[in-house]
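Take a look at the letters that make up each chain.
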Amino acid sequence: MAKQPAIELKNITKVFGKVVANKDVNLTAYRGEILSILGENGSGKTTLMNMISGIYFPDEGQIFIDGQEAVITSPKDAFSYKIGMIHQHFKLVDVFSAAENIVLGLNEGKYNLNASAEKIKEISEQYGFELDPAKKIYTMSVSEKQTVEIIKVLYRGADILILDEPTAVLTPQETEKLFNILRRMRDDGKCIIIITHKLHEVLSLSDRVSVLRKGEYVGTVETAKTSEAELTEMMVGKKVSLNIDRSEPENVQDRLVIEDLECINREGVKILDDITFTARSGEILGIAGIAGSGQRELLEAIAGLQQVQYGEIIYNDPKTGEKEDLRNKTPMQIRELGVRLSFVPEDRLGMGLVGNMDIVDNMMLRSYRKGKSMFLERKAPKDLAMHIIDDLEVVTPGATTPVRRLSGGNVQKVLVGREIAASPTVLMAAYPVRGLDINSSYLIYNLLNEQKKKGVAVIFVGEDLDVLTELCDRIMVIGSGRITGIVDGRTTTKEEIGLLMTKSKQQGDDCNG
Amino acid sequence: MIIQFICRAILLGVPLLYGSTGEIVTEKSGHLNLGIPGIMYVGAISGVVGSFLYENSCGNDIANMSPLLAVLIPLLCAIVGATLMGLIYSFLTVTLHANQNVTGLALTTLGIGLGNFLGASLINITKSELPSIALTKTSSFFAAKLPFADKLGWFGDLFLSHDFLTYFAIIIAIVVSFVLNRTRVGLNLRSVGENPATADAAGINVTKYKYVATCIGSAIAGLGGLQYVMAYANGVWSNNAFGDRGWMAIALVIFALWKPSVAILGSFLFGALCNANNYIQGLGTETQELFKMLPYVVTIVVLIITSMRKKREHQPPQSLGLAYFREER
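Read on for a plain summary of the structure. (Residues numbered from 1 in each chain as written. Chains lettered and ligands numbered in written order. Predicted model: local features only at pLDDT ≥ 70, side-chain atom pairs only at ≥ 80, totals over all residues. Heavy atoms only, no water.)

## Considerations on the pattern of salt bridges
Residue and element names in this part refer to chain A.
Logical step 1: Tallied over the entire structure, the rule returns 29 salt bridges over all chains.
Logical step 2: The residue Lys152 makes a salt bridge to Glu149 at a minimum N-O spacing of 3.9 Å. On the criterion of helical spacing, the pair formed by Lys152 and Glu149 is a turn pair, its members being three residues apart in helix H5 (residues 142-155). Residue Lys152 shares its accessibility class with Glu149, and that shared class is buried.
Logical step 3: Here Asp207 ties to Arg186 by a salt bridge, and the two come within 3.1 Å at their closest N and O atoms. (Salt bridge = Lys/Arg side-chain N within 4 Å of Asp/Glu carboxyl O. Helix = DSSP H or I, 4+ residues; strand = E, 2+ residues; numbered from the N terminus. Buried < 20%, exposed > 50% of the residue type's maximum accessible area, 1.4 Å probe, protein only.)

The following block contains the structure:
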């Protein structure tokens, strides 16, 4: 049987401001097949799919559905072309039942939930879902919510289904169940597109794989004729030289020793498991991994912001030579102990700085307890603010401009500058160059290098593998909350890190370094 | 005596029922309209102005007045006045994303000020000795009882002796309850108040729903003001006599757990609590004042109980009070 192309993308380009999210992407998906879209974070997978489902509109290029050119400007248009997208973040009303959520916004004549429930049951039986239409969303598990989302698009008659990282929130058993359902839908002649970055899932589920890298279409291969190694190479690309300085570590001492760390997040899911590593002074330790693998939680656990279930975080105080246990101490207690951790959170304006306050006031967030009189000490923070503006070339009308009005790069400089000014012994930075232009990025790299030379133990969470392999002395890779490997930054390759990042849980027990 | 107490409680409760039914409709779209006291006040004075003009045009002779027009004109005026207030509120909070609490409080201040201004102007025109205007003729049409009310003893007193706006209030509450829970429009409206981003993604026009819900809610609340003047106060308007009924209506929304059907009984209970001090012998003035806070005490008790039970269906709409920006989806 010759396969019918269900959807074809031709030369799709999408630009957000100065950032090119998708460039000249060509893609074809057939009926009766499962197509995987593979790519690293920020490779433009979700943007591309959002254009098919009507959330964004492409700047250039055409979309063909069943050979006819289609103009999709809203989710409603997408529905009329029988395209349904299951987003990573569910769009459901918590206090509604499954059936109410499924019929929401539809206009199919008389409003009769019982009739809808019957139809939902039919769909469930056809594909093997288990769902009680009367169950309220807020009592459901994540996997049940996902089922509701999938049935929602099937109920609307979708025959092109797009799933954005559907397995990110599922247990292995639930994942297997979902895959069986997807295979049944494929056999039923539906076109399934699944966005993912987990290689083993790609290999076990899909018929073909299309790879995106940094917004560009790399190629499509048939799953049966490819290997993990080939896919990884397509995903990470050839090495690009960045010429970042990297000095030899000097006077290396164990600063932070972390053993068997285990954390559970708010939903009760184990987010970190069996984490054991050492951060050394005078060295930059890189942390690589797919976003949401537990990097944030790890840094927060060290900073005292995340409850630790199990394990130890031992800090070797360079002044007294004593060992301090940081586990389950509040950030304030950690400070009082004389343990200095400077934390640059992922979310610059959310956790690091107060947007409506000016640079001086933001400096005072760290120093307001120091003054001796009952009034605030403003002189020192003001000097520090001027110092940071001069040294880091922060572009701002003045020290009294609200931080919110500065550009992303300048906000980041203020934040990093403040954290460095506390002369830390351990400096943790999560995605400090996200959204920055090249010059600002290099400035941040140099700052981190300076700290390293001063004997600070630097922990750098990054997403660009080229940067990680040129900046860091050692690179620790985490996947699904576990360490999948610790490699030497000087000898490793992008492919090696890429493979470790996408490794599944069972394989990730060999740690060296 | 008991019958009289109950009838009095119902009469006192009806303005609250209008106010809280209107507020429930608005809150279901995710908008906490604290302008309800002002909107009810404007509804009342608009009706007063309408009937004042109509009575004057008929030469103050009841024989010249058509019962239909005497009722319809104040009714329409109250609805239009209150809806305009609702429009101001929705324009500020939906289109301009202004803070809902600030906007609502400002509307209350505006509404009461506007009502007092118009009321004082009318008093000035009539050159009345008392600081009030009496529209007793119009009121007599509003307060007309159902036939047989006097002939059926306690049954007639309890069920048939009320003014038509009382029955209307109960009908509206039941209709609103039905629409919210049993129709597609109600489902869509509730989804807008719970999670506007989801509603938007499902193709529901969020802005339209918010506007329409706020305006309809305001119109319903405005009728409460009218009922107060025409039925409770026998057509006598005096400035600030409306009191804190608007706030009580908002308290009733919480008491009724955002369910209009519960609000019906709740409004009668609130009416009874407000009035209990007049039926208990030997209370001093200071104790009477204490009695007036009973409805609020009951509301706080309900809040404590529902907070402890943590049942999701008993919570306010999830995005209540939050502005919705489409770009942030």
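## Notes on the side chain of Thr183 of chain B
Logical step 1: Relative to the helices and strands, Thr183 of chain B is located in the loop between helix H7 (164-182) and helix H8 (184-194).
Logical step 2: What makes Thr183 of chain B buried here is its relative accessible area of 18%.
Logical step 3: Polar contacts involving the side chain of Thr183 of chain B include one to the main-chain amide nitrogen of Gly186 of chain B, which spans 3.1 Å.
Logical step 4: Setting aside residues no more than four positions away along its own chain, Thr183 of chain B makes contact with Tyr111 of chain A together with Phe178 of chain B. (Polar contact = N/O pair within 3.5 Å; in protein donor to acceptor, adjacent residues only side chain to side chain. Contact = heavy atoms within 4.5 Å.)

## Details of H8 of chain B
Logical step 1: Within H8 of chain B, 10 of the 11 residues are buried, which leaves the element mostly enclosed by the surrounding structure.
Logical step 2: Among the residues of H8 of chain B, those classed as buried are Arg184, Gly186, Leu187, Asn188, Leu189, Arg190, Ser191, Val192, Gly193 and Glu194 of chain B.
Logical step 3: Taken together, the buried residues of H8 of chain B touch helix H3 (98-103) of chain A together with helix H1 (2-28), H7, helix H9 (196-201) and helix H10 (206-232) of chain B.

## Quick look at the interface of chain B and chain A
Much of the literature gives interface size as the accessible area that the parts lose upon coming together.
Logical step 1: Facing the 20 residues of chain B at the interface are 23 residues of chain A.
Logical step 2: Buried surface at the junction of chain B and chain A, both sides included, amounts to about 2,000 Å², of which 57% is carbon and sulfur.
Logical step 3: If you sort the residues of chain B by the area they bury against chain A, Arg184, Leu187 and Arg312 of chain B come out on top, with a joint share of 35%.
Logical step 4: Counting across the chain B and chain A interface gives two salt bridges.
Logical step 5: The residue Arg190 of chain B makes a salt bridge to Glu100 of chain A at a minimum N-O spacing of 3.3 Å.
Logical step 6: On the surface where chain B and chain A come into contact, there are seven residue pairs in polar contact (both at pLDDT 80 or more).
Logical step 7: With six residues, H8 of chain B is the largest single contributor of residues to the side of chain B that touches chain A. (Buried area = accessible area lost by both parts, 1.4 Å probe.)

## Overview of the packing of aromatic side chains
All names here are of chain B.
Logical step 1: Going through the model one piece at a time under the given rule, you end up with 11 aromatic pairs over all chains.
Logical step 2: Geometrically, the ring pair formed by Tyr228 and Phe242 is edge-to-face, given 5.2 Å between the ring centres and 80° between the ring planes. With Tyr228 in helix H10 and Phe242 in the loop between strand S2 (236-237) and helix H11 (245-255), this residue pair connects regions lying 14 residues apart in the sequence.
Logical step 3: What links up through ring pairs into an aromatic cluster is the set Tyr41, Tyr228, Tyr232, Trp237 and Phe242. (Phe/Tyr/Trp six-rings, centres within 6.5 Å; stacked < 30°, edge-to-face > 60°.)

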